[in-house]
Amino acid sequence: MEAYIEILNNMQKEAVLCTEGPLLILAGAGSGKTRVITNRIAYLIKEKGVSPKSILAITFTNKAAAEMRERVEGLVGMDAGGAWISTFHSACVRILRMYSHLIGYDNNFTIYDTDDQKTVIKNICKKFEIDTKRFKEKWFMGQISSAKDELISEGQFELDASGDFYLEKVARVYTEYQKELKRNNAFDFDDLIVKTVELFKQHPDILERFQERFRYISVDEYQDTNTAQFVFVSLIAKKYQNICVVGDDDQSIYKFRGANIGNILNFEKVFPKAKVIRLEQNYRSTQNILDAANNVIKNNKNRKAKKLWTENDAGAMIKLFHVENSYVEADRVVSQIKEFVDEGYKLNDCACLYRTNAQSRALEEAFLRANIPYKIVGGVNFYQRKEIKDVLAYLKTIDNARDDVAVRRIINVPKRGLGAAAVNAVQRVADDREINFFAAIDDGVNEGLFGKPGEKLREFRNMIEDLKESASQISLHELMDEVLEKTGYLKELEAENTVEAQTRIENIDELINKAVSYEDSADDPSLSGFLEEVSLIADIDSWSADSDYVSLITVHSAKGLEFTNVFLCGMEDGLFPMNAAICSEDETDLEEERRLAYVAITRAKKNLIITASRMRMVRGETMVSIISRFVREIPVDLIEPDRENIYVASKPSEYNGGLPSKRASKEEFFRKPYASSAAEKKFSSGEKAALEYKEGDRVAHMKFGEGIVAKIVDGGRDYEVTVDFDDVGTKKMFASFAKLKKV
DNA sequence: CTCCTTTGTCTTTTT
DNA sequence: GACAAAGGAG
C-alpha cells in the first residue's frame, strides 16, 4: 500500500478508502481531518483513476483551499488544475459566471460586500422614508441575510410577514433590495449561494451538467455550513451520492451567520445510506492541553458525546497570567515570548489569540516596543480600506457601468464639484426612466438635462468612456496606472504629503502588485476576473512562511490552524464569553462561546498561556472583570501558579473570583511597570510625549529598519521626524505614528 | 459645494 | 477611544 495511506491510523484509513457513497466523518480537533480529506482526494485520483475534473472539494476559507490544493498536488505529483478546490462562494461564482444570464443577470456581474449592501439599504430607506435611527441598516441586513441563509426568497418572506408590522417593513426593503441588486447587476455574498441554487432549480439541465461533472464531492468544516450551502452541495451530490463531509459539532462557531449544526444530523436523513466514521485520536496537543479542552467543552449540553484522546505526553502545565491591566498583559506576553525564543522556539511557533479585534492594539504596541516582528492576521480587511475601495470602484465602473454603487462612490472622488445636488439630479433621471445611474448621466448629458453641473458630468462621462476604451487595449496593471493618473487620484494623495497619504499610496501599489501577480497566474486574465478574485478574498497577506513573526489573530480566524505556543488573551467574563452571550436568554449563545473557547485551546500543540486582566478599557471606559468562567472550568491541577502575581492563588476557592481582595487604588491601577505609549497618550492630555531620541541618534523603525535621525521639527501637536534609513533612504514621518525606537 | 466641528455609534466573529 | 455620519459656517 502507498506510504501516504500506510501512515494513517485505522479509522483514518477507513475514511480514505471509503470512496463510494455518502460519508460523514466526525473529526475531533487535531485528529488529522485535513490529512484525511487530502489523502482521500489523492487516493481517488491515483488509485481509483478518477479524473481531477470530477472532484469538487469545498473548504471554508481561501487560505484553506490553497493549502489543500498544494497538499493534494504534492501527493498526486501533478497539477490538480481540473479539480475545483475552493470555497462555497468561489465555486458558486464560477458557476454563475457561466450561467447567470439564465436567471436574468449579466455574466459579468459584480459582487457587493457589506459596505456596498449598506449603501444600497440606506438609499432604500431614504426612498421609503424609513427612519434609520429607529431601524438600522444593519438590522435590515441581518434580517435579509438570515432569510437568505434559509433560502427564503423575498416573495416567500412577504407572504410569511403579512400581519407583522416589523416583518412587513423588512419584506418591503428585502424586495426592493433584490430589485436594486438586479438592476445593478450585482450579487451580495449570500446571493452567490442562493442564486446558484435558484439556477439549479430552474434549469435541471444545468444542474445535471454539474452532477455529471462532479462525481466526487467533499466538504470541510461541515459544521459551519448553512442551509443554503447544504442544499447547494446536496443538489449536486444527489445523482451519484459520492459526498464526503467532515465536521466537528464542538467546533461550530458560526451560528451567528446562519451555520446550522442541524446539517450534521440532517445529513443522515438526506443521505440515508450514509456511513459515519469518527476520528477521536488527537495528534496535535499535549495531554494537559487536551484535558483542559475536554473539561471546558463537556459543560455544553447540546453536543454529540465523544471522547478525544491522545498518546502524547502530559507536557507542560498551562500558564495563567492574571494581571492588572491590558498593558501589563501585553508586556507579560512579550516577555514570555522572549523566554520561548531563548529556549529555541521561533516566533512562528507563537500566536496570540483573542476574542475581538480591538484587543490586538495593546499587543501590537508591546511588540513594537520590544521590536518583535508580528503580523496581524485578518483584522481590518485590506480590501475595505478607502483607497482600495475607491480604485476598485473605478475598475468596477469601467468593467460594469451598471454597478450604481461603484459609480456613485467615485463620481466625486477626487473632488470634481459633483456633490449631492448633482447626484440627486442624475438619480431623478435614472428613476424616471428606470435606467441605471451611469446610463442616466449619459442620457442627461446628451440631452442637456443637467444645467450647471452638466459640463462636469460630461467630463466625468468622457473620462470613464476613455478608460473603457483603454481597458480593451492595455493590460490590467497598465489600466490601473492610467486610472490613477487620469482621475488625478494619485496626484491628490501625493499633494497631501502626510504619512497617512503615503501609506495609502503604498496600499494602492500593493493592489497593483496583486494585479500583476493575478495577470501572471490566471489562465485568462480579465478585469472581471480580477475584481472577482479580489472581492472574495478575506485578507491579502498570504501566509508567507519564509519570515519569522508572531501571529496575532482572532479565535475565529484561527480555526483550522495550529501553533506550538498559544497565548489566549483577555480571558475575562464579559469579554470571553462576551456580555451579550452571558445575558442572552438563549443558552445556546453561551454554548457557542464555549465552543469558541474549545477551538482556541485546541489550537495549541505544546504550550498554552492564558491571560486575563482585572481592568481593561472598553469603548473608552474602564471595565472591571473577573477571570473567564471557561478558565474556571479547567481543573486547577492543570494550571501552574503564577509566581509573578500574588493575586492568583492555587486554591480553587481563591482562584474563583479573581477580583483583587482589596479595591485597587487609582495609583495602583495606573502604576506603570513598563513604559506604555498608549498609557502615556491618555495621561498627557493632549500634550505630546517627549521623544526618547534626538537628532543624530540611531533609531529603529518597525518596517524601514534602522537609520539615523536627520531632523526633528516641532509640528505643534506632534514632532515631525526625518530619518535617513540604511536600506530605504530618507523618510519624513510623525513621531507618534512612526514609533521609532532608539538603538 | 467644501471644509470643519460636533454628534453618535460601535465591538463579536467572515465569505 | 476611534471613526463615520450629520450639521453648520464659509
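The model shown is predicted, which means the values in this text are computed figures rather than measured ones. (Residues numbered from 1 in each chain as written. Chains lettered and ligands numbered in written order. Predicted model: local features only at pLDDT ≥ 70, side-chain atom pairs only at ≥ 80, totals over all residues. Heavy atoms only, no water.)

## Topic: the overall build of chain A
Point 1. Secondary structure summary: chain A contains 33 helices and 22 strands in total.
Point 2. The buried share of chain A, reckoned over its 743 residues, is 52%.
Point 3. Long-range pairs, those at least 24 residues apart, make up 73% of the contacts in chain A with a sequence separation of at least 6.
Point 4. Per element, the accessible surface of chain A, about 33900 Å² overall, is 49% carbon and sulfur. (Helix = DSSP H or I, 4+ residues; strand = E, 2+ residues; numbered from the N terminus. Buried < 20%, exposed > 50% of the residue type's maximum accessible area, 1.4 Å probe, protein only. Contact = heavy atoms within 4.5 Å. Areas by Shrake-Rupley, 256 points an atom, 1.4 Å probe, with all protein chains shown as cover.)

## Let's talk about the pairing of strand β1 (residues 23–27)
Point 1. The buried fraction of β1 amounts to five of the five residues, a majority that puts the element mostly inside the structure.
Point 2. Judged by which residues are buried, β1 turns out to be covered on both faces: L23, I25 and A27 on one side and L24 and L26 on the other are all buried.
Point 3. Pairing between β1 and strand β8 (residues 275–279): five bridges, direction parallel. Counterpart to I25 in the pairing with β8 is I277.
Point 4. One ladder, built from four bridges, connects β1 with strand β7 (residues 243–247); its direction is parallel. Within β7, the position partnered with L23 by the bridge is C244. (Pairing = 2+ DSSP bridges.)

## A look at the pattern of salt bridges
Pairing between side chains of opposite charge can happen when their charged atoms approach one another.
Point 1. The final tally for this structure, using the stated rule, is 48 salt bridges.
Point 2. Across the salt bridge formed by E176 and R183, the nearest N and O atoms sit 3.6 Å from each other.
Point 3. With a shortest N-O distance of 2.7 Å, R409 and D390 are connected by a salt bridge. Linking R409 in helix α18 (residues 404–410) with D390 in helix α17 (residues 386–399), this pair joins segments that are 19 residues apart in sequence.
Point 4. By relative accessible area, R409 is classed as partly exposed at 30%. (Salt bridge = Lys/Arg side-chain N within 4 Å of Asp/Glu carboxyl O.)

## Quick notes on the confidence of the model for chain A
Point 1. Mean pLDDT over chain A works out to 84, with 88% of the residues at or above the 70 mark.
Point 2. Taken as a whole, residues 540–544 scores under 50 in pLDDT and shows 14 contacts with residues more than four places along the chain or in a different chain.
Point 3. Throughout residues 646–688 the model reports pLDDT below 50, and contacts reaching past four residues in sequence, or to other chains, amount to 52 contacts. (pLDDT = per-residue confidence, 0-100.)

## Here's the deal with the sheet that holds strand β11 (residues 374–376)
Point 1. Across the sheet, which stays open at both edges, the seven strands sit in the order β11-β12-β10-β13-β14-β9-β17 with parallel pairing between neighbours. Single-partner strands in this sheet number two, and they are β11 and β17 (639–640).

## Section: a positive patch on the surface
Point 1. Together, K118, K122, K126 and K138 make up a region of like positive charge exposed at the surface.
Point 2. Sorting elements by how many residues they give to the positive patch places helix α6 (residues 114–128) first, with three residues.
Point 3. Looking at the element boundaries, K138 is found in helix α7 (residues 137–149).
Point 4. The exposure class assigned to K138 is exposed, which follows from its relative accessible area of 65%. (Patch = residues over 30% accessible without salt bridge, like charges linked within 9 Å, V, L, I, M, F, W, Y side chains within 5 Å. Lys, Arg positive; Asp, Glu negative; His and termini not counted. Charge placed at Lys NZ, Arg CZ, Asp CG, Glu CD.)

## Remarks on the packing of α6 against α7
Point 1. Remark: α6 packs on α7, axes separated minimally by 9 Å, with the N-to-C direction vectors making an angle of 110°. Classed by the angle they form, the pair α6 and α7 counts as roughly perpendicular. The handedness of the crossing between α6 and α7 is right-handed. Side by side, α6 and α7 meet where T114, Q117, K118, I121, K122 and C125 of the first sit next to E137, F140, M141 and I144 of the second.
Point 2. Looking at the contact of α6 with α7 residue by residue, the classes come out as five nonpolar, two polar and three charged. (Axes fitted to C-alpha atoms, helices over the stretch in contact; angles between N-to-C directions. Parallel < 35°, antiparallel > 145°, perpendicular 65-115°, else oblique. Left-handed = near helix turned anticlockwise from the far one by under 90°. Nonpolar A, V, L, I, M, F, W, Y, C, P; charged D, E, K, R; others polar.)

## Observations concerning helix α13 (residues 262–270)
Point 1. Inspection of α13 places N263, I264 and F267 among the buried residues, and these make up the whole buried set. Angularly, the buried residues of α13 cover 105° about the axis, an arc narrow enough to put them on a single face. In α13, the exposed positions angled more than 90 degrees off the buried face are occupied by L265 and K269.
Point 2. Residues of α13 that are buried make contact with β1, α12 (227–237) and β7. (Arc of directions from axis to C-beta.)

## Let's talk about the sheet that holds strand β3 (residues 84–87)
The strands making up a sheet associate through hydrogen bonds between their backbones, and the pairing can be parallel or antiparallel.
Point 1. Spatial strand order, β3-β2-β6-β7-β1-β8: six strands in an open sheet with parallel pairing. Unpaired on one side and paired on the other, β3 and β8 mark the two borders of the sheet. Neighbour to neighbour, the strand axes of the sheet diverge by 15° on average, direction disregarded.
Point 2. Bridge count between strand β2 (residues 55–59) and β3: four bridges; the pairing is parallel. Note on β3: the bridge partner recorded for I58 is S86.
Point 3. Strands β2, β3 and β6 (216–219) of the sheet are contacted by helix α5 (residues 88–99), whose axis makes an angle of about 110° with β3.
Point 4. Along the sheet, α13 makes contact with β1, β7 and β8, crossing β1 at roughly 155°.

## Thoughts on the nonpolar core
Point 1. Core analysis: the largest hydrophobic core is formed by 51 residues, its most contacted members being L392, L395, I441, F460, L511 and F530.
Point 2. Beyond its immediate sequence surroundings of up to four residues, I441 is in contact with V407, I411, V426, F450, L457, F460 and R461.
Point 3. In terms of nonpolar packing, the next biggest core, distinct from the first, is built from 44 residues, L96, F214, F232 and I236 among them. (Core = buried A, V, L, I, M, F, W, Y, C linked by side-chain atoms within 4.5 Å.)

## Here's the deal with the environment of M571
Point 1. Structurally, M571 is set in the loop between β13 (563–568) and α27 (579–583).
Point 2. Between the alpha carbons of M571 and S628 there is a distance of 5.1 Å; along the sequence they are 57 residues apart.

## Quick notes on the packing of α5 against helix α10 (residues 189–202)
Point 1. Two numbers describe how α5 lies on α10: the axes approach to 9 Å, and their chain directions differ by 55°. Accordingly, the angle class assigned to the pair α5 and α10 is oblique. Classified by chirality, the crossing of α10 by α5 is left-handed. Taken together, the residues of α10 that come into contact with α5 (itself represented by F88, H89, C92, V93, I95, L96 and Y99) are F189, L192, I193, K195, T196, L199 and F200.
Point 2. Looking at the contact of α5 with α10 residue by residue, the class counts come to eleven nonpolar, two polar and one charged.

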